[in-house]
Amino acid sequence: MILLMPINKLMALDLSNNGKPPQNIDDASVPETNRNVALGEMNKFNTREVNPSSLDPTKSIFSKPINDYLDKYGIQLGLNWVTETAGVVHGGRRNGADFTQQITFSVDMDWEKIAGLKGFSTHMIVMNRSGRNASADYVGDTQIQAQEVYGGGYSRLFHIYDVYGEQKLWNGRVDIKVGRMSVGDDFAHSPMACQFMILSTCGHPRSTQSQQGFSDWPGAVWGGRILVNMTPNSYFEVGAYQSTPWPQGGATGFYWGTKGTTGAFVPVEFGYNPDIGKHHLVGSIHIGAGIDSSHFQTWSSQVLNNNKKDYRTQFWIQSYQMIYRHDAIDDHGLFVLANYGHDSTTTSTFKDFYNFGFLDRGFWKGRAYDQIGVMFTYYTIPHTLRHAQQFQVAHGAPLNDNGVFALLNGAPGVQGDSILFEANYGFAAYRGIMIMPVFEYFHHVAATKAYKDATIVGLKTNVTF
């Protein structure tokens, strides 16, 4: 694909996997004769005719000829624009709507073509972000954003994100990345997750990226990652990354020093990408864990002032699986998605985090590139955080200007659990353009009963130039 930015920040669905084993039937690693047989089998299975470029939102509007020309010089450019509008129509903190946007430009350079350095490439991403956060302004939730683009809070004219080198060895069996990047580029990452606007899934279970060690878009840190493709369908990877408080890289992304570094975050992950049956029902499951060597004040110590500290650990399982194929295009089918994240209870914002949903693309013959998605999320708060908040209330915690508490974790009340829901429909308006109306529902806003359940309607657009 033209953009080499992390897939979880694009609406257009692509099952390529950042150096991990191939997951789709059209990958060059599959012998040509086998690919033709596979496509022939699926065309018999569903004989609809689809023009692969006329409305495909994963393609670009006009940059393909430019990149085709630049490719012989080892250069690829990408330009993408995402907008997200979300408005509370009932419940929450108050009614109202906010708009936010993200413009992203990427430069990928293949140094094997440029200078004969076999397998070596460099990558850079810069962005513009602006707008306001509907969750903070109207929903009343500071942890779960109704607009995933606003996650990270980097509202800046210019922000630099990835700047790293990548080396592939032994025909791609080993892939090494070093430089300025985030953990979320390669770990607990799903190309399906950002087919939704709410930040509960994009592009990881929200619990993983709520901690500073698990850096994520648009915050970058110093780090490195080694991935080994053990078989054509399985991989193992391990990394080590700088752990530093937000905003990682500073407001503009140009702070590359080590001042403020508190430790190192070390993640590991194993993944398997099944390809089931004659209709090639593709999928992915990956299991990982991470530990942050930094010492953080426990929730209890923050109210008792006893300076007790602890590490942070995380665990995650992410999966999606096609259960029905509509046609021969690799991602056209009905997918089931299921994710789980668990964080250490003494210092983390979330305890257990569950996602379950489905995504269906290519189901309508007359609108072959449209898609529909539904996602349920349930999460719990650590009991140690809840007890600390109860202690605050019992000892006269002050009320803010809205007449609600201002407790640990930015909570408007004592936290427990919450259920989130999203349904959306993606209209493939034109090649490179997706327009997606969105419905969201927050039950127990911010995992409290401080506000009425929030009903939200929104619109997400994605344009790949």
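Just so it is clear, the model here is predicted, and its values are computed rather than measured.

### What to know about the overall build of the protein chain
Right, so step 1: Each helix and strand counted, the protein chain has seven helices and 17 strands in total.
Right, so step 2: For the protein chain, with 465 residues in total, the buried portion stands at 55%.
Right, so step 3: In the protein chain, 67% of the contacts between residues at least 6 apart in sequence involve partners at least 24 apart.
Right, so step 4: Summed over its atoms, the accessible surface of the protein chain is roughly 18,500 Å², and 63% of this surface lies on carbon and sulfur atoms.

### Here we look at the nonpolar core
Right, so step 1: Val139, Ile144, Tyr379, Phe442, Val445 and Ile456 are the most contacted members of the largest nonpolar core, which has 28 residues in total.
Right, so step 2: For this core, the elements supplying multiple residues, two or more each, are β1 (75–92), α4 (134–139), α6 (299–304), α7 (383–394), β16 (433–443) and β17 (452–464).
Right, so step 3: Discounting chain neighbours no more than four positions away, the residues touching Val139 are Val88, Gly92, Arg93, Ala134, Phe442, Val445, Tyr451, Ala454 and Ile456.

### Focus: the pairing of strand β12 (residues 333–343)
One face of the sheet, then the other: side chains in a regular strand alternate in exactly this way.
Right, so step 1: When strand β11 (residues 309–325) meets β12, the two strands line up antiparallel, connected through 11 bridges. When the sheet's bridge partners are listed, Gln314 is paired in β12 with Asp343.
Right, so step 2: In this structure, β12 lies alongside strand β13 (residues 352–361), joined through nine bridges in antiparallel fashion. Bridged to Leu337 within β13 is Gly357.

### Topic: the pattern of salt bridges
Right, so step 1: Evaluated as defined, the whole model comprises 15 salt bridges.
Right, so step 2: One salt bridge connects Lys168 with Asp175, and the closest N-O pair in it is separated by 2.6 Å.
Right, so step 3: What makes Asp175 buried here is its relative accessible area of 0%.
Right, so step 4: The closest approach of N and O atoms between Asp352 and Lys351, which form a salt bridge, is 2.7 Å.
Right, so step 5: Several salt bridges converge on common partners, so that one network encompasses Glu166, Lys168, Asp175, Lys177, Asp186, Arg225 and Glu237.

### So, unusual backbone geometry
Right, so step 1: Of the consecutive residues Trp217 and Pro218, the connecting peptide bond is found in the cis state with omega at 5°.
Right, so step 2: Note that Pro218 resides in the loop between α5 (206–209) and β6 (221–231).
Right, so step 3: The linkage connecting Trp246 with the following residue, Pro247, adopts the cis geometry, with an omega of -5°.
Right, so step 4: Its place among the elements puts Pro247 in the loop between β7 (234–243) and β8 (263–272).

### Things to note about the packing of aromatic side chains
Right, so step 1: Here the structure, examined in full by the defined rule, presents 19 aromatic pairs.
Right, so step 2: Between Phe187 and Tyr241 the ring centres are 6.3 Å apart and the planes differ by 90°, which places this aromatic pair in the edge-to-face class. Here Phe187, found in the loop between β5 (174–181) and α5, pairs with Tyr241, found in strand β7; they are 54 residues apart in sequence, far enough to count as distant.
Right, so step 3: Under the relative-accessibility criterion, Phe187 is labelled buried at 0%.
Right, so step 4: Given a relative accessible area of 2%, Tyr241 falls into the buried group.

### Remarks on α7
Right, so step 1: Under the 1.5 Å per step criterion, the end-to-end length of α7 is 16 Å for 12 residues, consistent within 8% with the ideal 16 Å.
Right, so step 2: Here α7 has its buried residues at Leu385, Ala388, Gln389 and Gln392. Here the buried residues of α7 occupy an arc of 100° about the axis, which is enough to place them on one side.
Right, so step 3: Here the buried face of α7 lies against α6.
Right, so step 4: The positive-phi residue at the C-terminal boundary of α7 is Gly396, with phi of around 80°.

### Details of the environment of Val149
Right, so step 1: Within the secondary structure layout, Val149 lies in the loop between α4 and β4 (159–169).
Right, so step 2: A relative accessible area of 2% places Val149 in the buried class.
Right, so step 3: For Val149 and Gln101, which are 48 residues apart along the polypeptide, the C-alpha to C-alpha distance reads 6.9 Å.
Right, so step 4: Each residue touching Val149, except ones within four places of it in the same chain, is listed here: Val82, Glu84, Thr100, Gln101, Gln102 and Arg129.

### Observations regarding the environment of Pro57
Right, so step 1: Mapped onto the secondary structure, Pro57 falls in the loop between α1 (32–45) and α2 (64–71).
Right, so step 2: Taking the C-alpha atoms as reference points, Pro57 and Gly432, 375 residues apart in sequence, are found 4.0 Å from one another.

### Describing the confidence of the model for the protein chain
Right, so step 1: Here the protein chain shows a mean pLDDT of 85. Residues at 70 or above account for 87%.
Right, so step 2: Of all secondary-structure elements in the protein chain, the lowest mean pLDDT belongs to α1, at 35, while β16 reaches the highest, 97.
Right, so step 3: Contacts from residues 1–49, a stretch scored under 50 in pLDDT, to residues over four places away or in other chains number 152 contacts.

What counts as what
Residues numbered from 1 in each chain as written. Predicted model: local features only at pLDDT ≥ 70, side-chain atom pairs only at ≥ 80, totals over all residues. Heavy atoms only, no water. Helix = DSSP H or I, 4+ residues; strand = E, 2+ residues; numbered from the N terminus. Buried < 20%, exposed > 50% of the residue type's maximum accessible area, 1.4 Å probe, protein only. Contact = heavy atoms within 4.5 Å. Areas by Shrake-Rupley, 256 points an atom, 1.4 Å probe, with all protein chains shown as cover. Core = buried A, V, L, I, M, F, W, Y, C linked by side-chain atoms within 4.5 Å. Pairing = 2+ DSSP bridges. Salt bridge = Lys/Arg side-chain N within 4 Å of Asp/Glu carboxyl O. Phe/Tyr/Trp six-rings, centres within 6.5 Å; stacked < 30°, edge-to-face > 60°. Expected span 1.5 Å × (residues − 1). Arc of directions from axis to C-beta. pLDDT = per-residue confidence, 0-100.

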